[in-house]
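Geometric and topological summary
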Amino acid sequence: MTAAPDLVLTGAEVRTLDPARPRATAVAVRDGLIAAVGDERDVPGWRGPRTEVVDLRGAHLVPGLVDAHSHPVWGLDMATGADLSGVTGLAALRAALAGAARVDGWVIGHGLDHNAFEGRPVDRALVEDVLGGAPAFLRLYDGHSALATGAALAAAGVTGARVFEQRSEVVCDADGRPTGHLVEHAAMRLVESVMPRPSYAARRKRLVELLAAMAATGLTGAHVMDEGDAELVGAVAEETVLPLRLRFAPWCMPGVDGAGLAELVAAQGRGGRHWTVDGVKFFMDGTVEGGTAWLEHADCHGQGTAAFWPDPDAYAAAVRRLHAAGVRTATHAIGDAAVRHVLDVVAELGAGAAGRHRIEHIETAPDALLPRFAELGVAASMQPPHTAYTRADGTDEWSRRLGTTRAGHAWRLRDLRDAGATVALGSDWPIAHYDARAVLATARAPRGAASAGAGLTGLEALEGCTSHAARAAGESERAGRIAVGYRADLTALALDPVTAPTDELPEAPIRLTVTGGHVVHRGE
């Protein structure tokens, strides 16, 4: 080592995920990179007069945990107002709304489970009478649908059905009256555009608090599946150290033209310290619960046979254009038909596509599709905490819509790993909580509809938030392991995340979080 390190971590059981040296007890950091990996006896020779030495005696140090699918900036707007995630039935929903605080006269809520409607169609008539005429906008937990009351629809000038370039819908009854159920982004945006919005100062404060809270769960990075807010993130990054590295993938939506694609290409590489634009996000379908997942055969409500892109070939053309420009892509694909189409498109790109494209969610997929992930080099990006929105007995909305066979193919983490796929793990915050420890635990012990199948091993789950997340981002040569020259992104836990019981792991104290060589969280 030619110069003294800035930081030395000693006394921990270090699990490096580096095949050349799987274990160590000390790590040195200089200029944001791993400068040395060794043992206790090496520490005296490393330290200089300005080296900070942190004794992690008894802790377990691993590569920095990464959420491979999150929305920490866009989610600031999604997760506003009343938290309805604990509502389990219609009576509880009505009670929560009756007592909800007003935001500039509006009732705004988020995290509402489809199951709270107890099998009824989502309709404003179920809740309007408890709101005293106040406009209300309630985001359902999936992020792809919402319930708006008559007053909210009137404020947005929504009086009937609309036509959209993407597969979206203002749901109407037999008389053409909007029920308030808004399906997919374009329909929701009609009301979102007239809703109260937090000030810039409030959003900045919330972003700083959120990123600090994420780091406190051991997270050092997030693959952000939207464009975020470059002005906001850039300003915060100039004033302080972002606790997480944020990789933004702006959306490419149906109807995009050549100029729009050129803008997406030009945006690549923009950023600052600990944030960058790298990739583009597509949607091939919506959600099972909303009836917009693209399925090979209709769901049990007769829905789900259409792609989010009304012309799937237009999606393929956009992917080809971006691939030719060297842009990585991530595509939301929940249903089996959506997953198949994305794999088919990547297959047409040729051998050079391996390792450059990924599929998000993959909630149901038949056996025949699984080997294609490894064959084509397509990463599977999955969110184990989503399994908690389903029930093992099949009485939840997700399972009822799919039916027994397709529900039996739920979140096939184990099968995809066995098929040789890269499986990156995340939370999809604010759809599920961002706590990285819960992601690791539910990857090992999936819940609900996926609970009958085997989960990942402790090591595989850790890889999903480290080395496999790095592979999905094309960063395997600089991230995802503790090795000289790699980024100094590190997480120290009081328990070994590989061997700790799954019921103890979510509560494991985080002793230290280091991002880019900066200590961004210190535990007790």
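Scroll up to find the structure this text is about.
Source: prediction; values computed, not measured.

Description of the overall build of the protein chain
Looking only at helices and strands, one finds 16 helices and 24 strands in the protein chain. Expected size for 524 residues packed as a compact globule is a radius of gyration near 24 Å; at 23 Å, the protein chain falls within 12% of this value. Along the three orthogonal principal directions, the C-alpha set of the protein chain runs to about 80 × 50 × 50 Å. Out of the 524 residues belonging to the protein chain, those deemed buried represent 61%.

Regarding helix α14 (residues 436–444)
Burial runs high along α14: eight of the nine residues are buried. For α14, every residue scored as buried is listed here: Ala436, Arg437, Val439, Leu440, Ala441, Thr442, Ala443 and Arg444.

Here's the deal with the packing of aromatic side chains
Summed over all chains, the structure comprises ten aromatic pairs. Taking 4.9 Å as the distance between ring centres and 90° as the angle between the ring planes, the aromatic pair formed by Trp251 and Phe283 counts as edge-to-face. Of the two residues, Trp251 is situated in the loop between β14 (245–248) and α8 (258–267) and Phe283 in strand β17 (residues 280–283); the sequence distance between them amounts to 32 residues. We classify Phe283 as buried; its relative accessible area is 2%. Between Phe282 and Tyr315 the ring centres are 5.1 Å apart and the planes differ by 85°, which places this aromatic pair in the edge-to-face class. Here Tyr315 lies in helix α9 (residues 312–324) and Phe282 lies in strand β17, a separation of 33 residues in the sequence. Here Phe282 matches Tyr315 in class, with each residue buried. Grouped by ring-pair contacts, the aromatic residues Trp74, Trp251, Phe283 and Phe308 constitute a single cluster.

Let's talk about the packing of α9 against helix α10 (residues 336–349)
Between α9 and α10, the least distance of the axes is 10 Å, while the angle of their chain directions is 40°. Considered as vectors, α9 and α10 are oriented oblique to each other. Where α9 crosses over α10, the two elements pack in a sense that is right-handed. Along the contact surface, α9 presents Pro312, Tyr315, Ala316, Val319, Arg320 and His323, while α10 presents His341, Val342, Val345, Glu348 and Leu349. Of the residues that constitute the contact of α9 with α10, the class distribution is seven nonpolar, two polar and two charged.

A look at the pattern of salt bridges
In the structure shown here, the tally under the stated rule is 36 salt bridges. Here Arg414 makes a salt bridge to Glu460, at a shortest N to O gap of 2.6 Å. In this pair, Arg414 sits in helix α13 (residues 413–418) while Glu460 sits in helix α15 (residues 458–464), placing the two residues 46 residues apart along the sequence. In this structure Arg414 comes out as buried when scored by relative accessible area, which is 14%. Overall, the relative accessible area of 14% leaves Glu460 in the buried class. A salt bridge links Asp435 to Arg437; the nearest nitrogen and oxygen atoms lie 2.8 Å apart. Take Asp435: its relative accessible area is 11%, and that puts it in the buried class. When its relative accessible area of 13% is taken as the criterion, Arg437 is described as buried. What you see here is one network of salt bridges that share partners, running through Arg247, Asp278, Glu475, Arg478 and Arg487.

Overview of unusual backbone geometry
With the exception of glycine, most residues fall at negative phi, and the peptide bonds are largely trans. The linkage connecting Trp429 with the following residue, Pro430, adopts the cis geometry, with an omega of 10°. Topologically, Pro430 is positioned in the loop between β21 (423–425) and α14. In this structure, Glu118 takes a positive phi of about 55° despite not being glycine. You can see Glu118 is positioned in the loop between β8 (107–112) and β9 (136–140). A relative accessible area of 47% places Glu118 in the partly exposed class. Within the chain, Glu184 stands out as a residue other than glycine whose phi angle is a positive 75°. If you trace the backbone, Glu184 turns up in the loop between β12 (178–183) and α5 (185–192).

The rules behind these values
- Along every chain, residues carry numbers that run from 1 in the direction the sequence is written.
- Residue-level local features of this predicted model are given only where pLDDT is at least 70; pairs of side-chain atoms are given and counted only at 80 or more, and the full residue set underlies all totals for whole chains, interfaces and linings.
- Hydrogen atoms and water are omitted, and side-chain values are computed over all heavy atoms in the structure.
- The numbering of helices and of strands both runs from the N terminus, where a helix is a DSSP run of H or I of at least 4 residues and a strand a run of E of at least 2.
- Note on method: radius of gyration uses C-alpha positions; expected globular size equals 2.2 Å times residues raised to 0.38.
- Exposure categories follow from relative accessible area, calculated using a 1.4 Å probe and restricted to protein chains: below 20% of the type maximum is buried, above 50% is exposed, and the middle band is partly exposed.
- Aromatic rings from Phe, Tyr and Trp, taking only the six-membered ring of Trp, are treated as a pair when their centres fall within 6.5 Å; an angle between ring planes under 30 degrees marks them as stacked, one over 60 as edge-to-face, and anything in between as tilted.
- Here an axis means a line fitted to C-alpha atoms, over the contact stretch when the element is a helix, while the angle between two N-to-C directions is reported on a 0 to 180 degree scale.
- With respect to orientation, any angle under 35 degrees is reported as roughly parallel, any angle over 145 as roughly antiparallel, any angle of 65 to 115 as roughly perpendicular, and every other angle as oblique.
- Helix crossings fall into two classes, left-handed where the near helix is turned counterclockwise from the far one by less than a right angle and right-handed where it is turned clockwise.
- In this analysis, two residues are considered to be in contact whenever any of their non-hydrogen atoms come within 4.5 Å of each other.
- Throughout this entry, Asp, Glu, Lys and Arg are counted as charged residues, while Ala, Val, Leu, Ile, Met, Phe, Trp, Tyr, Cys and Pro are counted as nonpolar. The remaining residues, Gly among them, count as polar.
- Salt bridges are defined as contacts in which a side-chain nitrogen from Lys or Arg sits within 4 Å of a carboxyl oxygen from Asp or Glu.

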